[in-house]
Amino acid sequence: MAKKLVIKVTAGLDAPERCSQAFTVAAVAVASGVEVSLWLTGESAWFALPGRAAEFELPHAAPLPDLIDGILAGGGAITVCTQCAARRDIEQKDLIEGAGIAGAQVFVSEIMPDGVQALVY
């Protein structure tokens, strides 16, 4: 079993099922005791802003704000891609508490060690 799970979300409101799956897997993994790093890229970057996750709706899916709260409360990390943030004029001061901004070099450093499983949604 992987000791750490790094999940990259590439979808937001444009692909709600894929987006919801990524957040759900991250929240379940954290609740199961797995170390989780969730990366928000593309349209999912918007969900790192206060109130934006509440705009997401998908029938039969857990509310995105609840999933995010569970990830952060369980010690999971949420990171917005540097370029994705810049393209959307998102700065660190704009993010929800507990989220950060980092680039590809940090992502690569997280996925390369032994015992890490990376997933892309």
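Thresholds, definitions, all that
- Residues numbered from 1 in each chain as written.
- Predicted model: local features only at pLDDT ≥ 70, side-chain atom pairs only at ≥ 80, totals over all residues.
- Heavy atoms only, no water.
- Pairing = 2+ DSSP bridges.
- Helix = DSSP H or I, 4+ residues; strand = E, 2+ residues; numbered from the N terminus.
- Axes fitted to C-alpha atoms, helices over the stretch in contact; angles between N-to-C directions.
- Salt bridge = Lys/Arg side-chain N within 4 Å of Asp/Glu carboxyl O.
- Buried < 20%, exposed > 50% of the residue type's maximum accessible area, 1.4 Å probe, protein only.

- As annotated in an unreviewed UniProt entry, the protein chain carries the name Sulfur reduction protein DsrE and comes from Streptomyces piniterrae.

### Notes on the sheet that holds strand β5 (residues 116-120)
No. 1: Here we have five strands laid out as an open sheet, ordered β4-β3-β2-β1-β5, and parallel in their pairing. Both outer strands of the open sheet, β4 (99-102) and β5, are each paired with one neighbouring strand and no more. In this sheet, adjacent strand axes meet at a mean angle of 25° when their direction is disregarded.
No. 2: Alignment of strand β1 (residues 4-9) against β5, held across five bridges, turns out to be parallel. Among the inter-strand pairings, L5 is bridged to a residue of β5, identified as Q117.

### A look at the pattern of salt bridges
No. 1: Tallying each qualifying case throughout the model produces six salt bridges.
No. 2: A salt bridge links K4 to E35, with the nearest nitrogen and oxygen atoms 3.9 Å apart. Placement of the pair is K4 in strand β1 and E35 in strand β2 (residues 35-40), with a sequence separation of 31 residues.
No. 3: On the basis of relative accessible area, E35 is assigned to the partly exposed category, the value being 47%.

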